[in-house]
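Fold and contact review
Each chain, letter by letter, is given below.
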Amino acid sequence: MEMAQIEPAEAGRLRAVRAAYARQVAAAAGIAPGGEIEAALAAIPREKFVGPPPWRIVSPRGRHESSSADPAMLYQDILVSLGGEPGLNNGQPSLHALCLETLNPKKGERAVHVGAGTGYYTAVLALLVGEMGRVDAHEIEPDLAGRARENLAGFKQAVVHGRSGAEDPLPGCDLIYVNAAAAEPLAVWLNAIRPKGRLLFPLAGDDGTGEMLLVTRRTDVEYAARFLCAVQFVPCFGAQDAEAARALHAAFRRGHLRQVTRLVRNSRPEGSCWLAGRGWWLG
């Protein structure tokens, strides 16, 4: 997408708007001011990633089409539609800030971003891992993948793959950030994260409603696990299974999510098992 040239005064105004937005989003996510996530959000022009106006906005007040072409209106803690399939949007900034703060990307690390959309949060990840790091972004929707490549052209550490991030091959990496709902922790993700590596994904059935689950690798078999917050995402292609979704919904109905502390990769669940799947269980 070709962007119009911005006059210096206008560019300065938008920088100030982005800085205020970044502070607001960090505060809403419970992040201390002045951190790297705030700096990344302040540096990245959101309008570049959501396409031209009019923008379709989803906010607590409902859904509406923007009546203004001023990019400043995008710098709120709101969802912005990316067009195409229903539910595809740029995501709520404070949710992604919380998730990225929890994943704690470090300079020089290798990250995999599954469900990258048009690349906005991939760009945030790219700034967090720095030029010595790398982000492999996966987006299965061809139009979105093409837009992400264009939007991320200035980030040499970010590479966009126009295919599913729920299938091999995935590189060995320090963290995986999934932005599409999976009914179970996929073996391809668990295999890819290195010792002390982190996986954060929406554990949810095909209705997309569930909880973000953080998994940290301790050994080849044992992973620390904890639920972060309730979320709703579009389903992840290749990561939905009817039987797994039914078992998951039953576990959610039973409750006790906050008591989950580990994920074990074997087929012998213990008495503390909260949910068991094919070759894994949460307890």
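Note: the structure precedes this text.
The following paragraphs examine the structure supplied in this document. (Residues numbered from 1 in each chain as written. Predicted model: local features only at pLDDT ≥ 70, side-chain atom pairs only at ≥ 80, totals over all residues. Heavy atoms only, no water.)

1. Some details on the sheet that holds strand S11 (residues 262-264)
Pairing in this open sheet of 10 strands is mixed, and the strands run S6-S5-S4-S7-S8-S9-S10-S11-S13-S12 from one edge to the other. The strands lining the two open edges of the sheet, one partner per strand, are strand S6 (158-161) and strand S12 (275-277). Sheet twist, expressed as the average angle between the axes of neighbouring strands with direction ignored, equals 20°. Note: strand S5 (residues 134-138) against S6, 4 bridges, orientation parallel. (Pairing = 2+ DSSP bridges. Helix = DSSP H or I, 4+ residues; strand = E, 2+ residues; numbered from the N terminus. Axes fitted to C-alpha atoms, helices over the stretch in contact; angles between N-to-C directions.)

2. Quick notes on the nonpolar core
Leu41, Val124, Tyr177, Leu200 and Met212 are the most contacted members of the largest nonpolar core, which totals 46 residues. When residues of this core are assigned to their parent elements, the largest contribution, 8 residues, is made by helix H5 (residues 120-129). Not counting residues within four places of it along the chain, the set of residues in contact with Tyr177 comprises His96, Cys99, Leu100, Leu103, Val112, His113, Val114, Leu125, Leu200 and Met212. Leu190, Ala225, Cys236 and Ala239 belong to the second largest nonpolar core, which has 35 residues in total. (Core = buried A, V, L, I, M, F, W, Y, C linked by side-chain atoms within 4.5 Å. Buried < 20%, exposed > 50% of the residue type's maximum accessible area, 1.4 Å probe, protein only. Contact = heavy atoms within 4.5 Å.)

3. Brief notes about the sheet that holds strand S2 (residues 62-65)
Reading across the sheet, the 3 strands line up as S2-S1-S3 and stay open at both edges, with antiparallel pairing between neighbours. The open sheet has two edge strands, S2 and strand S3 (79-80), and neither has a second partner. Note that strand S1 (residues 56-59) and S2 share 4 bridges and pair antiparallel. When the bridges of S2 are listed, Val58 appears paired with Arg63.

4. Remarks on the pairing of S1
Judged by which residues are buried, S1 turns out to be one-sided: Ile57 and Ser59 face inward and are buried, whereas Arg56 and Val58, on the alternate face, are not. Hairpin geometry of S1 and S2 is characterised by an intervening segment of 2 residues between the two adjacent antiparallel strands.

5. Description of the environment of Leu152
One can find Leu152 in the loop between helix H6 (142-151) and S6. By relative accessible area, Leu152 is classed as buried at 4%. Setting aside anything within four residues of it in sequence, one finds Leu152 in contact with Phe49, Gly119, Thr122, Ala123 and Val160.

6. Quick notes on the layout of surface pockets
Gaps between atoms show up when a probe of the same size as a water molecule is rolled over them. By volume, the largest pocket amounts to about 920 Å³. Surrounding the largest pocket, 48 residues form its lining, Gly87, Leu88, Asn89, Asn179 and Val234 being those nearest its centre. Mapped onto the lining of the largest pocket, the elements with two or more residues apiece are S1, S2, helix H4 (93-103), H5 and strand S10 (222-232). Of the residues that constitute the lining of the largest pocket, the class distribution is 22 nonpolar, 19 polar and 7 charged. (1 Å grid on protein atoms, 1.4 Å probe; cavity = no way out; pocket = protein on both sides within 12 Å on 5 of 7 lines; lining within 4 Å. Points joined across faces, edges and corners; volume = space filled by probe spheres on them. Nonpolar A, V, L, I, M, F, W, Y, C, P; charged D, E, K, R; others polar.)

7. Describing the packing of helix H1 (residues 8-28) against helix H2 (residues 36-43)
Taken N-terminus to C-terminus, the directions of H1 and H2 make an angle of 145°; their axes are 8 Å apart at the nearest point. Along this stretch, H1 crosses H2, giving a crossing that reads as right-handed. The segment H1 lies against H2, with Arg18, Ala19, Tyr21, Ala22, Arg23, Val25 and Ala26 engaging Glu38, Leu41, Ala42 and Ala43. (Left-handed = near helix turned anticlockwise from the far one by under 90°.)

Don't take any of this as a statement about function, it's just geometry.
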